[in-house]
Amino acid sequence: MKASVAVSLLLLCAAAPLPAQSTAALVGAVQDASGALIPEARIVIANPLTGFRVEARTAKDGSFEIRNIPFHTYSVRFEKEGFEPHEETVSLRSNVPHEMIVRLAPAGVRDSITVVGSGGLLVDPEETGTHVQMNQTDIERLALQAGNRGLESILVSMPGFAQNANGAIHPRGAHNQMTFVIDGMPVSDQLTGAFANAVDPNIVQTVELFTGNIPAEYGNKVSAVANITTKSGMGTGRRFGGSTLVNAAQFDLLSQVTQVSGESGHFGYSAVVNTSKTNRYLDSVSLDNLHNGGNNQRAFSRLDWHPGARDVFRLNLMAGRASFQLANLRSQHANGMDQRQLLRDGAISFGWVRTLDASTTFDVNASARKAQSWLKPSAGDIPVTASQARQMATVTAGARLNAVRGRHTLRAGFDIQRYPLSEHFTLGITSPAFNDPASEDFNPNLLPFDLTRGGRLFDFRSRRTGGMYSGFLQDSVSAGPWNFSLGLRFDAYRFLVNGNQLQPRLGASYHLKRSATVFRASYSRLYQTPPNENLLLSSSPETAALTPPAVQEALGGWAPIRPEEQNLLEAGLQQALGRKASLNVSWYHKNSRNLQDNNNFLDTGIIFPITLARIRVNGVEGRLTVPPARGFSGTLSVTHSRAVATPPFTGGLFLGNEAVEALSQGPFRIDHDQPLSVHGVINYTHRRGFYWTLSNRYDYGLVANPSDPDEVARDPDFADLLPYVRLNRTPARVRPRNIIDLVIGFERTRDQKKRYDAGLQLTNLTNRTALYNFQSIFVGTRLVQPFTAGLRLRFYF
């Protein structure tokens, strides 16, 4: 009786630590056969499919509390000298604490042992859509390019993405409609190197990627959702510790990453500071890599506090700054063009989780994020000069009620988001040949802003505030071999246009245990809001008046940019290949109205939101995962997608006549279309500390602008790029490319503690010259980074 009371008290105390709204907690106690509590018992939570693994030990009173566990199914193993080990499979799908009371039998007595092999974890019967996960160790050993690269360079190794310039990725035929959820804080800004400071991979403990059957709690931009669990100081077992990574490479790259973390009593902390500089900051627009230097600084901190048995609080702080030159074409460089861009951002996120009872929790999250961008012109700008001062913010508040009731895992909540925007943009033509009145492509609407012919600067200023108001309900139901995901979401969008959308998110899976096969199918209705970057300018009548008369005639007049309405169908299966590997295959079909995309302004860091009337996307993708065995592990992701868009365009700032052609040609394959991409990663780790990671990516080639090859051959800025683009094809595409990266290193450990890690990184090992895109009205022209060698050294303290 006393032992039962003690265990109950321990579980009540252990129920407190829920570090984030999107992670699980495992709590409980370990006993011997008599019910006495066992201190210092070893606990290992692992999943061979995702690579997640964490170790802990019971406290002096035999209790344990393990936090920051991503939602999934895990093998949980308990060990203690003198006792038989105990292992079982546990499904963790809610932030409601999962309680376990484990009794270890004396050594030699095997009656009460439950052992579950890892083969059963190579498929996930509860997944009703495509969901991939990656962890800190895998991320740290990948080769990352120089410049302002972030988490998107990691996500591109997963299936469903077409790779584009400056870190841009196209999830399943979309431009970049992704949401990053960082410990419950949604970030839907376009986080690529040219437009904003990306998410620092060094802050990530685990990233979960959803591309199919998106849960109903996620909205705004949901072609893909990256749910990020950051590193916490809780559970580190020390007051202070960390590491410093120093990296040096070609193109004058120098960078450092310093991380610290620790805990004391009910308080935990972690922090990351990342700084870098390089002379190849963005992907170059020419083979010469002209005027392309830059630097950035990023900082992140997380504070955890659980003062009592039922409450836990979390505070996240983030900040970033980037200053860089805009890459020049040869003609621009010869003219002394010296445009520069400055980016700044900051965010604060607060979370609170309240345990109401053993099967119910309530959580609240509030966050604010502000991003600023400045484009600074120069006296040598050609063919146009432009300046920009843009500021946008997102303020979010939301609450969730979570409950586990028998077969049902319930989650319901609401979100309120507000978007204050401020934009100032100027434009003037500086080259007499750019809009020559004698040319057949002359646009009379630009003549008032032709500085070479006595014109003035186009000057746009505006401030507006919009918002979105959302509610959702979702239920995950287990019924024998069947699992159902039942979700419903409602969004009310109030900004330059008003819109409402009811969105069912429904999925089902069926598990054939005998063959270790899981079949799944889902339907999702998605409502994707327009990008906020330059939304006021792109949607304004003033900008519409600049477009050529033929474009205005094709559009039938000015219209604001509306949210995208999308239907997504997906079917797939998971198959365990013995106990050695897992295969996950998906087929999907998407059709949308008001497709969201961007018009990139003359290879600068300025983008203008646009929409197209419709898009149809079909795709097949697969991922083979080989869990660690004898030091080796690996993944292979294969993606095929077809994306056909239908004009007319809305929004944007199209200054050349290529826009007229695009508008008049009818349905066309957009640059998100990618017949084949293959991304493979092989890891090897020796027990003595040596390791290597080899990655290989093949891309068939994105759709390029259908430029005239003869005109390109006469253009000194682009003539030498002709061998790398197929302009005589329909549609025109950049040529296929195969890029190989290699990391070789050694990690020194002593007394079971890491001491240092030294590595050699080789990017684009074969020095393949290739293009991401060519003269595209969406992204311009950009080249793949050539061969780059670098050294990195990490010290632990």
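Being a predicted model, the structure only gives us computed values, none of them experimental.

Chemist: Outline the overall build of the protein chain, supporting the account with residue identities and numerical values.
Modeler: When helices and strands are counted, the protein chain shows 9 helices and 41 strands. Taking 2.2 N^0.38 as the reference for a compact globule, 797 residues should give roughly 28 Å; the C-alpha atoms of the protein chain span a radius of gyration of 27 Å, in line with that estimate. Here the C-alpha coordinates of the protein chain stretch approximately 95 × 50 × 45 Å along the principal axes. Out of the 797 residues belonging to the protein chain, those deemed buried represent 59%. Restricting to contacts in the protein chain with at least 6 residues of sequence separation, those with at least 24 account for 69%. Of the accessible surface of the protein chain, which amounts to about 30,200 Å², a share of 57% is contributed by carbon and sulfur atoms.

Chemist: Before we move on, can you summarise the side chain of Glu 127 with the specific residues and values?
Modeler: Inspection of the secondary structure puts Glu 127 in the loop between strand 7 (98-103) and strand 8 (131-135). The class of Glu 127 is buried, set by a relative accessible area of 12%. Here the side chain of Glu 127 touches His 131 through a polar contact of 2.5 Å, side chain to side chain.

Chemist: Describe in detail the packing of aromatic side chains, supporting the description with residues and values.
Modeler: Summed over all chains, the structure comprises 21 aromatic pairs. Pairing Phe 313 with Trp 352 gives two aromatic rings, centres 6.3 Å apart and planes at 10°, and the pair type is stacked. Taken as a pair, Phe 313 in strand 19 (residues 311-325) and Trp 352 in strand 20 (residues 340-357) lie far apart in primary sequence, 39 residues in all. Taking the relative accessible area as the measure of exposure, Phe 313 reaches 23% and is therefore partly exposed. Look at Trp 352 and you get partly exposed, because its relative accessible area is 26%. Lying over the aromatic face of Phe 251, Arg 280 brings its terminal NZ or CZ to 5.4 Å of the ring centre. Positioned over the ring face of Tyr 700 is Arg 726, at 5.1 Å from the centre of the ring.

Chemist: Account for the pairing of strand 22 (residues 384-405), naming residues and giving values.
Modeler: The pairing of strand 21 (residues 360-376) with strand 22 spans 16 bridges and is classified as antiparallel. Paired with Lys 370 across the bridge in strand 22 is Ala 393. Two elements, strand 22 and strand 23 (residues 408-429), share 20 bridges in a ladder whose sense is antiparallel. Bridging across to strand 23, Thr 385 finds its partner in Gly 428. Here strand 22 folds back onto strand 23, and the loop between the two strands holds 2 residues, one of which, Gly 406, carries a positive phi near 60°.

Chemist: Let's hear about the sheet that holds strand 12 (residues 185-187): which residues, and what values?
Modeler: Strand order across the open sheet formed by 5 strands is 8-13-14-11-12, with mixed pairing between neighbours. The open sheet has two free edges, formed respectively by strand 8 and strand 12, since each of these has just one partner strand. Along the sheet, successive strands turn relative to each other by an average axial angle of 20°, direction set aside.

Chemist: Go over the sheet that holds strand 4 (residues 63-70), please, and point to the residues and values.
Modeler: Reading across the sheet, the 3 strands line up as 4-1-7 and stay open at both edges, with mixed pairing between neighbours. Looking at which strands have only one partner, the edges of the open sheet turn out to be strand 4 and strand 7. Between one strand and the next, the sheet's axes are offset by a mean angle of 25°, whatever the strand orientation. With 6 bridges joining them, strand 1 (residues 23-31) and strand 4 adopt antiparallel strand pairing. Note on strand 4: the bridge partner recorded for Ala 29 is Ser 63.

Chemist: Can you break down the pairing of strand 23 residue by residue, with the values?
Modeler: Bridging between strand 23 and strand 24 (residues 458-479) involves 20 bridges; their strand directions are antiparallel. Pairing of Glu 423 across the sheet is with Ser 462, part of strand 24.

Chemist: Just give me the short version of the nonpolar core, but keep the residues and values in it.
Modeler: Generally speaking, soluble globular proteins have nonpolar side chains that are buried together. The biggest cluster of nonpolar side chains holds 35 residues, and the ones touching the most others in it are Phe 324, Phe 425, Leu 427, Phe 458, Tyr 493, Phe 495 and Phe 601. Only strand 19, strand 21, strand 22, strand 23, strand 24, helix 5 (535-538) and strand 30 (607-629) provide two or more residues apiece to this core. If you tally residues by element for this core, the top one is strand 23, at 5 residues.

Chemist: Describe in detail the side chain of Arg 302, supporting the description with residues and values.
Modeler: For Arg 302, the location among the structural elements is in strand 18 (residues 294-305). We classify Arg 302 as buried; its relative accessible area is 0%. Side chain to side chain, Arg 302 and Asp 304 meet in a polar contact 3.0 Å long.

Chemist: Just give me the short version of unusual backbone geometry, but keep the residues and values in it.
Modeler: The peptide bond linking Ile 382 to Pro 383 adopts the cis configuration, its omega dihedral lying at 0°. Counting through the fold element by element, Pro 383 comes out in the loop between strand 21 and strand 22. Between Thr 730 and the following residue, Pro 731, the backbone shows a cis peptide bond with an omega angle of 0°. Assignment of secondary structure puts Pro 731 in the loop between strand 35 (725-726) and strand 36 (733-734). A positive phi angle is found at Asn 68, which is not glycine, with a value near 60°. For Asn 68, a relative accessible area of 4% gives the class buried. Residue Asn 213 is not a glycine yet carries a positive backbone phi of 45°. On the secondary structure map, Asn 213 appears in the loop between strand 13 (204-210) and strand 14 (224-230). With a relative accessible area of 6%, Asn 213 lands in the buried category.

Reading the values: rules and limits
Residues numbered from 1 in each chain as written. Predicted model: local features only at pLDDT ≥ 70, side-chain atom pairs only at ≥ 80, totals over all residues. Heavy atoms only, no water. Helix = DSSP H or I, 4+ residues; strand = E, 2+ residues; numbered from the N terminus. Rg over C-alpha atoms; globule rule 2.2 N^0.38 Å. Buried < 20%, exposed > 50% of the residue type's maximum accessible area, 1.4 Å probe, protein only. Contact = heavy atoms within 4.5 Å. Areas by Shrake-Rupley, 256 points an atom, 1.4 Å probe, with all protein chains shown as cover. Polar contact = N/O pair within 3.5 Å; in protein donor to acceptor, adjacent residues only side chain to side chain. Phe/Tyr/Trp six-rings, centres within 6.5 Å; stacked < 30°, edge-to-face > 60°. Lys NZ or Arg CZ within 6 Å of the ring centre and 35° of its normal. Pairing = 2+ DSSP bridges. Axes fitted to C-alpha atoms, helices over the stretch in contact; angles between N-to-C directions. Core = buried A, V, L, I, M, F, W, Y, C linked by side-chain atoms within 4.5 Å.

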